Every structure is written in structure tokens, then in C-alpha cells.
Amino acid sequence: MGYDLLGGLFFAALTPLVILGFVVFWIMTSRERRHVEDTWETFAARRVREYVPARGEWPNRSSPGVRWTHDDVVYELTALGVEANARTRLGARPRGRILGSFVLRPAATPDVSEQPAGLSTRVLDDATRRAFLGFRQRDDVVLAYRRGRVTLEWPGRECNDARIDEAERVVTAVVHAVEAAFRDAGRRMAS
């Protein structure tokens, strides 16, 4: 009987602490998300871009986003994942699209998976690769072209305007490279 009483007291003392832990976690997560939403809304307003607010309630809340068009290319900035696994993604759809896909992940020597073989070599020139590696800053950054869409993804929910601008420059360089590869393929088919 003594152990039952001790176990009951332990759980009676532990339950409020567990509940308090969940409340503190929820408050911290809400603050972080609110900070990202406010930062991106300000970023969009300063640059005259469309801000897409987060919708829904926890746990089914969507992420905020920013959309804009530059030179007939639509860009979309979004946040993916939650807490420690959160990532920022900047995507764009080139006007001219080529068939195939590639994923570039930095390492000591950049790791490329591609289909068909040689696609990334045709699309990514040295300047584009340097821009990508310069953006990396030792983060787990992924550059991909899949289904006619260029995406650049990096860890965290980005709140630094300069980092977002640099990501836009990298994505724009890849968009131009994809469009150039599309035009070259069209010229080769015409000859």
C-alpha cells in the first residue's frame, strides 16, 4: 500500500508540470511563428509583394508565404516544417521548361542527382554553382529543378531580408539558366 500512495503522489505532482511544459512549448512556438509572420508581412509590404498569411488553427495551421512576379517569373517564399525541422523554401517557375530533374546538395564536392544524366551540367554553369555555394554558408541547402520548378531550400524560418534577397538571386540565375537550356534545345531541334 505504501508504494501505491507514493506512486499516486508522484503522478499528482508530475501531471501539473507536464501540462505546464506543454503550455510553455505552445507559447514559445506561437511567438516564433508570429515573429516570422510579422517579419514576412513587413518584407512583403516594403517590396510591394503579396503576403499570404497563415491560415487555420494548431495543429493544422498553414505556413505564411510571400509571392511576387519579376520578368514574368512567379516566385514563392514559404516556410516548411515545424520547430527544429523548419526550413525556408524559395521557388520559381521558369517560362521555358526542360524535361528532367536535378537535385544539388553541397558537400566537400557538390552531390548531384539528376535525370537524365548531364542535365545539371547543361543547366548549371560555374557562375551559378558559385552563387549556390556562396549562399550555402555551411548550411544544409538544397537546390532542385523538378517538374518545371526551381526550388532553393535551407534550414530555419528565414527572417533576414538580405538572405532572402540572396536566395532570390540564386534562384533567378538558375531560372535564366533553365530558360537558356530550353532555347538551346529548341534551336537544336529546329536545325
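To start, this report covers the structure provided alongside it. (Residues numbered from 1 in each chain as written. Predicted model: local features only at pLDDT ≥ 70, side-chain atom pairs only at ≥ 80, totals over all residues. Heavy atoms only, no water.)

### Points about the overall build of the protein
Consideration 1: Along the backbone of the protein there are 4 helices and 8 strands.
Consideration 2: In the protein, the succession of α and β elements from N to C terminus is α-β-β-β-β-β-β-α-α-β-β-α.
Consideration 3: Taking 2.2 N^0.38 as the reference for a compact globule, 191 residues should give roughly 16 Å; the C-alpha atoms of the protein span a radius of gyration of 23 Å, well beyond that estimate.
Consideration 4: Oriented by its inertia axes, the alpha-carbon framework of the protein measures out at about 90 × 40 × 25 Å.
Consideration 5: Across the protein, contacts joining residues at least 24 apart in sequence account for 54% of those joining residues at least 6 apart.
Consideration 6: Between the mean site of the 29 positive side-chain charges and the mean site of the 25 negative ones, the protein shows a separation of 4 Å. (Helix = DSSP H or I, 4+ residues; strand = E, 2+ residues; numbered from the N terminus. Rg over C-alpha atoms; globule rule 2.2 N^0.38 Å. Contact = heavy atoms within 4.5 Å. Lys, Arg positive; Asp, Glu negative; His and termini not counted. Charge placed at Lys NZ, Arg CZ, Asp CG, Glu CD.)

### Remarks on the environment of R87
Consideration 1: Along the polypeptide, R87 turns up in strand β4 (residues 87-93).
Consideration 2: Under the relative-accessibility criterion, R87 is labelled buried at 16%.
Consideration 3: Put simply, R87 and L14 are 73 residues apart on the chain and 34 Å apart in space, counted from C-alpha to C-alpha.
Consideration 4: Once residues lying within four places of it in the same chain are set aside, the contact partners of R87 are T78, A79, L80, D140, V141, V142, E153, W154, P155 and G156.
Consideration 5: In this structure the side chain of R87 is engaged in a polar contact, spanning 2.7 Å, whose partner is the backbone oxygen of D140. (Buried < 20%, exposed > 50% of the residue type's maximum accessible area, 1.4 Å probe, protein only. Polar contact = N/O pair within 3.5 Å; in protein donor to acceptor, adjacent residues only side chain to side chain.)

### A look at the nonpolar core
Consideration 1: Counting 36 residues, the largest nonpolar core has L77, V123 and L152 as the members making the most contacts within it.
Consideration 2: Per-element accounting of this core gives the leading share, 9 residues, to helix α4 (residues 161-190).
Consideration 3: Here L152 is in contact with T88, R89, L90, F132, F135, V141, V142, L143, A167, V170 and V171, once residues within four sequence places are set aside. (Core = buried A, V, L, I, M, F, W, Y, C linked by side-chain atoms within 4.5 Å.)

### Points about helix α1 (residues 2-46)
Consideration 1: Helix length check: α1, at 45 residues, gives a terminal C-alpha distance of 66 Å against a target of 66 Å (1.5 Å per residue), a fit within 8%.
Consideration 2: Contact partners of the buried residues in α1: β1 (50-52), β2 (65-70), β3 (73-80), β4 and α4.
Consideration 3: Positive backbone phi, approximately 55°, marks V48, located one or two places after α1. (Expected span 1.5 Å × (residues − 1).)

### Brief notes about the side chain of R49
Consideration 1: Following the sequence through the fold, R49 ends up in the loop between α1 and β1.
Consideration 2: In contact with R49, other than residues within four places in its own chain, are F43, A44, V66, R67, W68 and E168.

### Quick notes on a nonpolar patch on the surface
Consideration 1: A surface patch of nonpolar side chains, amounting to about 930 Å² of accessible area, comprises F10, F11, L14, L17, V18, L20, F22, V24 and M28.
Consideration 2: With respect to the helices and strands, L17 occurs in helix α1.
Consideration 3: Note on L17: relative accessible area 55%, which makes it exposed. (Patch = residues over 30% accessible without salt bridge, like charges linked within 9 Å, V, L, I, M, F, W, Y side chains within 5 Å. Areas by Shrake-Rupley, 256 points an atom, 1.4 Å probe, with all protein chains shown as cover. Salt bridge = Lys/Arg side-chain N within 4 Å of Asp/Glu carboxyl O.)

### Overview of the side chain of E158
Consideration 1: Mapped onto the secondary structure, E158 falls in the loop between β8 (149-155) and α4.
Consideration 2: A distance of 3.2 Å separates a polar side-chain atom of E158 from the backbone nitrogen of N160.
Consideration 3: In contact with E158, not counting residues within four places along its chain, are W40, T88, R163 and I164.

### So, the sheet that holds β4
Consideration 1: The strand order β1-β2-β3-β4-β8-β7-β5-β6 describes an open sheet built from 8 strands, whose pairing is antiparallel. The open sheet has two edge strands, β1 and β6 (111-115), and neither has a second partner. Each strand of the sheet is rotated relative to its neighbour by a mean of 15°, with strand direction disregarded.
Consideration 2: Pairing of β1 with β2 involves 3 bridges; the strand directions are antiparallel. Looking at β2, one finds that Y51 is bridged to V66.
Consideration 3: Of the strands in this sheet, β1, β2, β3 and β4 touch α1, which is tilted by about 160° from β1.
Consideration 4: Packed on one face of the sheet, α4 meets β2, β3, β4, β5 (101-105), β7 (142-146) and β8 and runs near 150° to β8. (Pairing = 2+ DSSP bridges. Axes fitted to C-alpha atoms, helices over the stretch in contact; angles between N-to-C directions.)

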